[in-house]
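# Descriptive analysis of the structure
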Amino acid sequence: MAGPRPLLPRFLRLAVVVCASCLPAPVLGIRKDIGLVAPLMCRSTVQGRHLITDDNGYVCSALAIDPWSHCCPETGARFSCQGCKLDLQCCNSYEYCVSCCLNPSKTKIEDVLKLKVAKPVTAGTYRSVFDFCMGRCRHSSASVVHENAYASDFHHCFSVQQNSSGSIESSSVSRFLGINIVVGRSGESCSLVCKARGQSCVPSRLSMLNKCEILQKYMRCKSGCFRSLGPDQPAEVVDEAPTSLKPRSVLIHADG
């Protein structure tokens, strides 16, 4: 007589069925967005040997900059204007000039993006505020006197202003840093007037003075401002001149 059938296999089959129903549902798709943060990369100045400014407005030593991201540590002041004259928007350091210039309250992006990199009509415009600040803060001929000396320690300038034609140019204030503008007497030359004051004439700046809006700050201009020809312009017509010569008027060179 056969004995009773073992129950163990039946229990095993039941356990397999139950466990199979507990498995998770099959994956229907693969998620591409896994939440990785894009690495922060900076552009930075390369002009100085000791200091560097990144495009976030931070200044750091050349040894402190991150060699992979090219960013400065965010430990110091952002948009620092250390060593700058804010009324002139000029600084005695290139790197701090760039940092100060990057401040949105001092440089408007809408003005910068329509500013030409150079004077020719074929020249392109700046691509960013950082490009503008790097280019504008470098030395220019307007900051040099006698071709071999700076007019002032504050020769890194970034100021811009809009003129009547709608284009943007450097502020006339920064062009005369370190220059004393003196009105001489009738018949006196630039060299004679400056020598009497222990200084020397800077002929390269005379062409920058050849504008009515600038001369009005130093001369009376009571009878207006007129274009003229002659080696002595810009100049002011003396009070004793004939009426036909417009006494007390200012003459600027017609080619200016």
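Look up a bit, the structure's there.
Scope of this entry: the structure provided in the associated data block. (Residues numbered from 1 in each chain as written. Predicted model: local features only at pLDDT ≥ 70, side-chain atom pairs only at ≥ 80, totals over all residues. Heavy atoms only, no water.)

## So, the pairing of strand β12 (residues 250–253)
Just so we agree on the cut-off: Two strands qualify as a pair provided DSSP detects at least 2 bridges between them. By the criteria applied, helices consist of DSSP H or I runs no shorter than four residues and strands consist of E runs no shorter than two, each listed in order from the N terminus.
In the sheet, strand β10 (residues 225–228) pairs with β12 via four bridges, with the strands oriented parallel. Across the sheet, Ser 228 pairs through a bridge with His 253, a residue of β12.

## Looking at the nonpolar core
To be explicit about the condition: What we call a nonpolar core is a set of buried Ala, Val, Leu, Ile, Met, Phe, Trp, Tyr and Cys residues that are connected through their side-chain atoms within 4.5 Å. A 1.4 Å probe rolled over the protein chains alone gives each residue an accessible area, and that area as a share of the maximum for its type sets the label: buried under 20%, exposed over 50%, partly exposed in between. What makes two residues a contact is simply this: any of their non-hydrogen atoms within 4.5 Å.
Ranked by internal contacts, the top residues of the largest apolar core, which has 19 residues, are Val 98, Cys 101, Leu 102, Phe 132, Cys 133, Cys 137 and Phe 158. The set of elements that each furnish at least two residues to this core consists of α2 (94–101) and α4 (129–136). Discounting chain neighbours no more than four positions away, the residues touching Leu 102 are Asp 54, Asp 55, Gly 57, Phe 79, Val 129, Phe 130 and Cys 133. Of all hydrophobic cores here, the second largest spans eight residues; its members include Leu 209, Leu 215, Met 219 and Cys 221.

## Things to note about the sheet that holds strand β7 (residues 156–157)
Strand order in the open sheet made by the three strands is β3-β4-β7, with antiparallel pairing throughout. Strands with a single pairing partner mark the edges of an open sheet, and in this sheet they are β3 (84–85) and β7.

## Here we look at the packing of aromatic side chains
The following threshold applies: For Phe, Tyr and Trp, rings pair up if their centres lie within 6.5 Å, where Trp contributes its six-membered ring, and each pair is then called stacked (planes under 30 degrees apart), edge-to-face (over 60) or tilted (otherwise). By definition here, charges over rings are those cases where NZ of Lys or CZ of Arg is within 6 Å of the ring centre and within 35 degrees of the ring normal.
According to the stated counting rule, one finds one aromatic pair in the structure shown. Ring geometry for Tyr 126 versus Phe 132: centroids 5.5 Å apart, planes at 85°, classification edge-to-face. Across the pair, Phe 132 and Tyr 126 agree in class, each one buried. Above the plane of the ring of Phe 226 lies Lys 246, whose end atom (NZ or CZ) is 5.1 Å from the centre.

## Focus: the pattern of salt bridges
Once their charged atoms are close, side chains differing in charge can pair, the charge on each being opposite to the other. Our working rule: Whenever a carboxyl oxygen of Asp or Glu lies within 4 Å of a side-chain nitrogen of Lys or Arg, that contact is scored as a salt bridge.
Applying the stated criterion to the full structure yields three salt bridges. The residue Asp 131 makes a salt bridge to Arg 127 at a minimum N-O spacing of 3.4 Å. When its relative accessible area of 13% is taken as the criterion, Asp 131 is described as buried. According to the relative accessible area criterion, Arg 127 is exposed, its value standing at 69%. Of the charged contacts, one joins Arg 185 and Glu 188 as a salt bridge, the two residues approaching to 3.0 Å between their closest N and O atoms. Under the relative-accessibility criterion, Arg 185 is labelled exposed at 64%.

## Regarding the sheet that holds strand β11 (residues 235–236)
Taken together, the three strands give an open sheet; going across it, the order is β10-β12-β11, and neighbouring strands pair in mixed fashion. Strands at the two margins of the open sheet, each flanked by one partner only, are β10 and β11. Examined bridge by bridge, β11 and β12 share two bridges and lie antiparallel to one another. If you follow Glu 236 over to β12, its bridge partner there is Val 250.

## Some details on the packing of α2 against α4
Filter applied, for reference: Here an angle of 0 to 180 degrees is reported between the N-to-C directions of two axes, which are lines fitted to C-alpha atoms, with helices fitted over the stretch in contact. Two helices cross in a left-handed way if the nearer one is turned anticlockwise from the farther one by less than a right angle. They cross in a right-handed way if the turn is clockwise. Only Asp, Glu, Lys and Arg are considered charged, only Ala, Val, Leu, Ile, Met, Phe, Trp, Tyr, Cys and Pro nonpolar, and every remaining residue, Gly among them, polar.
Orientation of α2 relative to α4, taken along the N-to-C sense of each, is 145°, at an axis distance of 9 Å. By crossing handedness, the relation of α2 to α4 is classed as right-handed. Counted together, Tyr 94, Val 98 and Cys 101 of α2 and Val 129, Phe 130, Phe 132, Cys 133 and Met 134 of α4 form the full contact between these two elements. Of the residues that constitute the contact of α2 with α4, the class distribution is eight nonpolar, no polar and no charged.

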